[in-house]
2 protein chains.
Amino acid sequence: MLRTHTCGELRLEHAGQSVTLCGWVQRTRDKGGILWIDLRDRYGLTQLALEEGVETAEVREQARQLGREFVLCVTGKVAERHSKNDKMPTGNIEIRVEKLDVLNPAKLPPFLIEDDTDGGDDLRMKYRYLDLRRSPVRRNLELRHRVAQATRRFLDGQEFIEVETPVLIKSTPEGARDFVVPSRMNPGEFYALPQSPQTFKQLLMVSGFDRYFQIVKCFRDEDLRADRQPEFTQIDCEMSFVEQEDILRTFEGLVQYLFKEVKGLEIGMLPRMTYADAMRFYGNDKPDTRFEMKFVELKNAEKTPPTADQTQDIVSGYSFPVFESAELVVGINAINSAVYTRKQLDELTEFVKRPQIGATGLIYARVEADGSVKSSVDKFYAQEVLQQWKAAFNAAPGDLLLILAGEANRTRKALSELRLEIGQRMGLRNKDTFSPLWVVDFPLLEFNEEENRYFAMHHPFTSPKPEDIALLDNPQTIGQVRANAYDMVINGVEVGGGSIRIHDRTVQARMFSLLGFSDEEAQAQFGFLLDAFEYGAPPHGGIAFGFDRLCSLFGGADSIRDFIAFPKNNSGRDVMIDSPSPISGGQLKELSIATAVVGK
Amino acid sequence: MLRTHTCGELRLEHAGQSVTLCGWVQRTRDKGGILWIDLRDRYGLTQLALEEGVETAEVREQARQLGREFVLCVTGKVAERHSKNDKMPTGNIEIRVEKLDVLNPAKLPPFLIEDDTDGGDDLRMKYRYLDLRRSPVRRNLELRHRVAQATRRFLDGQEFIEVETPVLIKSTPEGARDFVVPSRMNPGEFYALPQSPQTFKQLLMVSGFDRYFQIVKCFRDEDLRADRQPEFTQIDCEMSFVEQEDILRTFEGLVQYLFKEVKGLEIGMLPRMTYADAMRFYGNDKPDTRFEMKFVELKNAEKTPPTADQTQDIVSGYSFPVFESAELVVGINAINSAVYTRKQLDELTEFVKRPQIGATGLIYARVEADGSVKSSVDKFYAQEVLQQWKAAFNAAPGDLLLILAGEANRTRKALSELRLEIGQRMGLRNKDTFSPLWVVDFPLLEFNEEENRYFAMHHPFTSPKPEDIALLDNPQTIGQVRANAYDMVINGVEVGGGSIRIHDRTVQARMFSLLGFSDEEAQAQFGFLLDAFEYGAPPHGGIAFGFDRLCSLFGGADSIRDFIAFPKNNSGRDVMIDSPSPISGGQLKELSIATAVVGK
């Protein structure tokens, strides 16, 4: 090796040793006749010192020529520092430089290579290889490596075997949009890139591989948002001869292990919440349970409320038109928030009225120091009614009740957003606190009004709960059928989801039929799987974790982009390598395709 | 879990325990009033027993209905067997069945699910999920998993970090043909799938990640041979601040570790051979060194022989026209093979004359028991000359000398094939013997007569040896420039290759120019890398191992296909899922492409 040590490892105990370090010039200072250089590598920073009259004039002259980000190879003796720096692991020593080789000079970088950089997003994406030099970005990728290693260690220890499934597969109409790859050897035909290895992992179960996993790239050609990338990574898992309980236990174990190994945290057993409860009490199938603030219903006139519990109506009959006409009146208790000013409440009202949230207004009620309630609808509700509300919310003096009303689903969704906003404002969504849970008992199917048909809520291979299968016979009750499906949610983020699968050809064929496939279509698209089910398919189920998202959660970041070495921007472009790009006419011809760009 | 134990774990010590097993019916026998079933899972086979008058009539009746590959869940007591089977780990016990559930019936499989199957290649590919049930195939994938795990363990322990590089990248003209992916969001533009993450791993070095690896899918749209797949997997590695010696030591360490962990073998240090020696003494840059049988030159009239050693001409001047006109006369000593019959020698002559080998004939000479030499060219060569040959080959009574003559490169290539054939016939190419080595000092460039230009022998990022750089200035000596490039070869198979890279923009630009790129083309294709080299690129180098091939070598197989879960056939088709396949007009339109199939 060109170096004897890294820039992160020298300590006082090395004093007097002759060492060679390689790295990048972080900064140089010339002060009181001493020239200081901070040399950086992946492992840390080490200070180099060149003093007039001590180090040779030649080496000092060389050092004076150095710019930021020059690559050096430096030999010298480790010496104790005069003024130590407790914040740096190497802060007790410096290197007295005897020999200095410039391995490569550097142009001035277009932005500062510091923890806090002055580079904008676009510039940092174009020079991603420089952005990756910054410690916060480097640490993200180191974290990602550790999470991947720990995942493999845990699953290998549980007899899971990692099997690579193909990347060049077949386009299917269900799910998101596929990326496709024209086949040169089969003109007019295309491969598709996998949205997930779903069918392959099920076939591996049919093959008897009984515990499979893979950390695998998946692809979706969807319009991109901040937290989506056209290629992303899953921890994909499947098990045979199991019931839902076995899967929950096994992967709860994985996540406990990861928290312990990567964050040093004991998270304990994961609580479970039904989808119905999640919707009723948090308005969200991925509730952020770092804080309570559960929904309290004051009126529920739904035909089929999410859960069987009755809600007592304590708002109707007082001629307040908004509540009279509402299907649902529901609120949260922002504890100790009665201090909110009129201006702050107006802000919250504006917040819930934003089109993407869509509430028509916000009703509030304050519990005063004396226990009386002061509301924005005092005109309609007398104090004794307001006291009933207070009791329903279990509110105390100083609390602020925030209430929405309207169509049930929309109102819940809006209140969920408001709850998260209030939680944020109250500082209840700390990135260092982790609140994982399982959400279970998802509906099997969702009705899509636009296409006037049912879609699989999870995917078409998800098994209905055996006790609900009879409900599939009645068009009125199909929507009530629950699936053996589950999500793992941490801090309001769905980090993983899965299900017990169908392993019976007849049930699978029926499922395809419910989803609007003709027998021919089902056979053409998924015939191999239906066939496989006839040759001895075991009961099986699995889960897939969003690996990028899991890493960003561990890293306390909101976006997955910072945890991907070379991400694409919102137009799906890699601006560093300038991809995608046109290809040659020769390539197109070989692939038997032509571009058909409108207007070109 | 539905089971308490697997089908591979029960022993005599479990006798008397009540257990539940799940698995597939391997076979059933009904003999002497006892019905036996072998139940199979990934872990092994366990015998079930149902005896008339002992097990209930109901269970016996159920069992009689079972067919091969039915999936069962069976509960019963572990009992000592009357007639034990030493060949099975569970051969001392059987399960006396109390309860039997058919989890799924099975149609009769289209081929036998046995170690030796009656299924042809096509059938087994179509029903790959059934082929994967067979132990030999399953063991291959288990081996692959172990090699991957051990690789990651070793590299992680050496501070390498695994970084995922993108799959959707940019098409480049150098190298093999790219698979491309039309971009919906960028009409008329295409991503390419990576042939390797070469430029990305170099950028990671520029970023300071100093030790990178990835086990990663790569893609090449080439016409397929038995041992090639359109998607394949590499162990891709790169290091900074290193010289060639550091890379060789580090990855020698990896391979030693893998042999130890996976095969239980100590392989020791890897010998090294120059490319020149490999060509001169084995006629091959990936010599199979499980056996010696080095080439012996009897005449060498090359202008620039591979190595500086002189060859004494001991064949010219005797009027044998074949040798007189030959650039090279070279042979091997097939020790103790003088017993070869005339017929066998004729076979060998036919072998070397096959068009893909291309020799014009084979000369042989036998060393008789009395030390005299009997040759096929006795007419031209007197005994005393033949004795000189014998001495050159260091041959002893009973040895057979096989000699080819002609144009140097072609003759070496043919003799290499003959050497491998003879080694095979002599049983010297045992699959359980492993002879790894490094081949070093490859030429930097190869001249391609057809295109009348130089191509990079390794790739355009490979660094010339500093001491040879001056040779680049003279068109006459360009071909002699050696690269800091190396291959790892095991048993005649190139399992890995790499190089020290160029890290200087000027040298890299010069390299592109030597390869026929204009400055504009180089900038358009690789501008991001050339730019990166200006911002402080460290000296770096790396290696990539063919992971599929490494696994097949460990598994003692010739083809990589058996070590890939879902391989494609020689037309690039997955016949199981029937891919590639046509896509819809809507999909084409969204992607702004049209198919342009000739004749359609």
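Residues numbered from 1 in each chain as written. Chains lettered and ligands numbered in written order. Predicted model: local features only at pLDDT ≥ 70, side-chain atom pairs only at ≥ 80, totals over all residues. Heavy atoms only, no water.

To continue, consider the side chain of Ser240(B). Take Ser240(B): it is sitting in strand 10 (residues 231-240). In contact with Ser240(B), not counting residues within four places along its chain, are Met205(B), Asp210(B), Pro538(B), Pro539(B) and His540(B). (Helix = DSSP H or I, 4+ residues; strand = E, 2+ residues; numbered from the N terminus. Contact = heavy atoms within 4.5 Å.)

What follows is about the confidence of the model for chain A. Averaged over chain A, the pLDDT score is 95; the fraction of residues at 70 or greater is 99%. Per the prediction output, this complex has pTM 0.95; the corresponding ipTM is 0.95. (pLDDT = per-residue confidence, 0-100.)

What follows deals with unusual backbone geometry. Excluding glycine, most residues fall at negative phi; most peptide bonds, likewise, are trans. Of note, the bond from Ser579(A) into Pro580(A) is cis; its omega dihedral lies within 30 degrees of zero at 0°. By the secondary structure assignment, Pro580(A) is in the loop between helix 14 (547-554) and helix 15 (585-590). Its identity as a non-glycine residue notwithstanding, Phe241(A) has a phi of 60°, on the positive side. Examined against the element boundaries, Phe241(A) turns out to sit in the loop between strand 10 (231-240) and helix 6 (244-263). You can call Phe241(A) buried: its relative accessible area is 0%. The phi dihedral of Asn336(B) is positive, around 65°, even though this residue is not glycine. A relative accessible area of 57% means that Asn336(B) is categorised as exposed. (Buried < 20%, exposed > 50% of the residue type's maximum accessible area, 1.4 Å probe, protein only.)

In this complex, chain A contributes 124 residues to the contact, which on the side of chain B involves 124 residues. With both sides pooled, the region where chain A packs onto chain B buries about 11100 Å², and carbon together with sulfur makes up 58% of that total. Applying the counting rule to chain A against chain B returns 20 salt bridges. At the surface where chain A touches chain B, the tally comes to 73 residue pairs in polar contact (both at pLDDT 80 or more). The greatest single-element share of the side of chain A that touches chain B, amounting to 8 residues, is contributed by helix 4 (residues 135-157) of chain A. Tallied by class, residues from the side of chain A that touches chain B come to 67 nonpolar, 23 polar and 34 charged. Two strands pair when backbone bridges link them, and strand 23 (residues 593-595) of chain A and strand 23 (residues 593-595) of chain B are joined in this way by 3 bridges, in the antiparallel orientation. (Buried area = accessible area lost by both parts, 1.4 Å probe. Salt bridge = Lys/Arg side-chain N within 4 Å of Asp/Glu carboxyl O. Polar contact = N/O pair within 3.5 Å; in protein donor to acceptor, adjacent residues only side chain to side chain. Nonpolar A, V, L, I, M, F, W, Y, C, P; charged D, E, K, R; others polar. Pairing = 2+ DSSP bridges.)

What follows is about the UniProt feature "binding site: L-aspartate" (unreviewed entry) in chain A. All names here are of chain A. Within the UniProt annotation, "binding site: L-aspartate" (unreviewed entry) is assigned to Glu-174, Arg-220, His-458 and Arg-501. Its location among the elements puts Arg-220 in the loop between strand 9 (211-219) and strand 10. Not counting residues up to four positions away in its chain, the partners in contact with Arg-220 are Ala-176, Arg-177, Phe-179, Gln-195, Pro-230, Phe-232 and Gln-234. Within the secondary structure, Arg-501 is located in the loop between strand 21 (493-500) and helix 12 (505-514). Polar side-chain contacts of Arg-501 include one of 2.8 Å to the side chain of Ser-499. (UniProt positions renumbered as here; feature names shortened; annotations may be inferred.)

Take the pattern of salt bridges next. Pairs can form between side chains of opposite charge once their charged atoms are near each other. Tallied over the entire structure, the rule returns 124 salt bridges over all chains. Close ionic contact of Arg3(B) with Asp210(A) constitutes a salt bridge, the shortest N to O distance being 3.0 Å. Of this pair, Arg3(B) sits in the segment before strand 1 (18-31) while Asp210(A) sits in the loop between helix 5 (198-206) and strand 9, each in a different chain. As far as burial versus exposure is concerned, Arg3(B) and Asp210(A) are alike and both buried. Between Asp38(B) and Arg27(B) there is a salt bridge, and its shortest N-O distance comes to 2.8 Å. Of this pair, Asp38(B) sits in strand 2 (residues 34-41) while Arg27(B) sits in strand 1; the two residues are 11 residues apart in sequence, bridging distant segments of the chain. A residue is classified by how much of its surface remains accessible, and Asp38(B), at 4% relative accessible area, is buried. One continuous salt-bridge network, built from bridges that share partners, spans Arg3(A), Arg42(A), Arg138(A), Glu142(A), Glu159(B) and Asp210(B).

All right, on to the pairing of strand 21 (residues 493-500) of chain B then. All names here are of chain B. Counting buried residues in strand 21 gives 6 out of 8 residues, a clear majority hidden from the surface. Strand direction decides the pairing type here: strand 20 (residues 485-490) and strand 21, joined by 6 bridges, are antiparallel. What sits directly across from Ala-485, in strand 21, is Ser-499. Between strand 20 and strand 21, which pair antiparallel in sequence order, lie 2 residues; one of them, Asn-491, sits at a positive phi of approximately 55°. Relative to strand 22 (residues 540-546), strand 21 runs antiparallel, the two being bridged by 5 bridges. Pairing of Gly-498 across the sheet is with Ile-543, part of strand 22.

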